[in-house]
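So you can see what is in the structure, the chains are spelled out below.
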Amino acid sequence: MQISKDMLIGQLVNMDEMIAPMLMRAGMHCLGCPSAQGETLEEACMVHGIDCDVLVAQMNEVLAARG
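Criteria and thresholds
Residues numbered from 1 in each chain as written. Predicted model: local features only at pLDDT ≥ 70, side-chain atom pairs only at ≥ 80, totals over all residues. Heavy atoms only, no water. Buried < 20%, exposed > 50% of the residue type's maximum accessible area, 1.4 Å probe, protein only. Helix = DSSP H or I, 4+ residues; strand = E, 2+ residues; numbered from the N terminus. Arc of directions from axis to C-beta. Contact = heavy atoms within 4.5 Å. UniProt positions renumbered as here; feature names shortened; annotations may be inferred. Salt bridge = Lys/Arg side-chain N within 4 Å of Asp/Glu carboxyl O.

The chain appears in an unreviewed UniProt entry as DUF1858 domain-containing protein from Candidatus Lachnoclostridium stercoravium.

Spelled out as structure tokens, the structure:
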């Protein structure tokens, strides 16, 4: 499973139980908000001032290690 920045937050959170904690640590504390569920990862990163490419790489690295 590979994460991309055009995926919706709702998709990501349902993808793996490790995703929500990673997003929370990155500063996205509004994961339960209905509008956040329909937002892309790239849009959420932009709103929160997070480098989306770095976050995507980190999440993919963690998921790949879990295997």
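Here the narrative resumes.
Caption draft 1: Examining helix H2 (residues 19–26) more closely. When we look at burial in H2, the residues that qualify are Ile19, Met22 and Leu23. With its buried residues spanning 95° around the axis, H2 presents them on a single face. Buried residues along H2 sit against helix H1 (9–15), helix H4 (41–48) and helix H5 (52–66). Once H2 finishes, Gly27 follows within two positions and takes phi at roughly 115°, a positive value.

Caption draft 2: A look at the UniProt feature "domain: DUF1858" (unreviewed entry) in the chain. Per the UniProt record, "domain: DUF1858" (unreviewed entry) is annotated on residues 3–56. Along residues 3–56 the backbone is 59% helical and 0% strand, and the end-to-end C-alpha distance reaches 6 Å.

Caption draft 3: Up close: the pattern of salt bridges. Scanning the entire structure with this criterion turns up 4 salt bridges. A salt bridge links Lys5 to Asp53, with the nearest nitrogen and oxygen atoms 3.0 Å apart. In this pair, Lys5 is assigned in the segment before H1 and Asp53 in helix H5, connecting sequence segments 48 residues apart. In this structure, Arg66 engages Asp16 in a salt bridge whose closest nitrogen and oxygen atoms are separated by 2.5 Å. One end of the pair, Arg66, is in helix H5; the other, Asp16, is in the loop between H1 and H2, with 50 residues separating them in the sequence. Among the ionic contacts, a cluster of salt bridges with common partners joins Lys5, Glu42 and Asp53.

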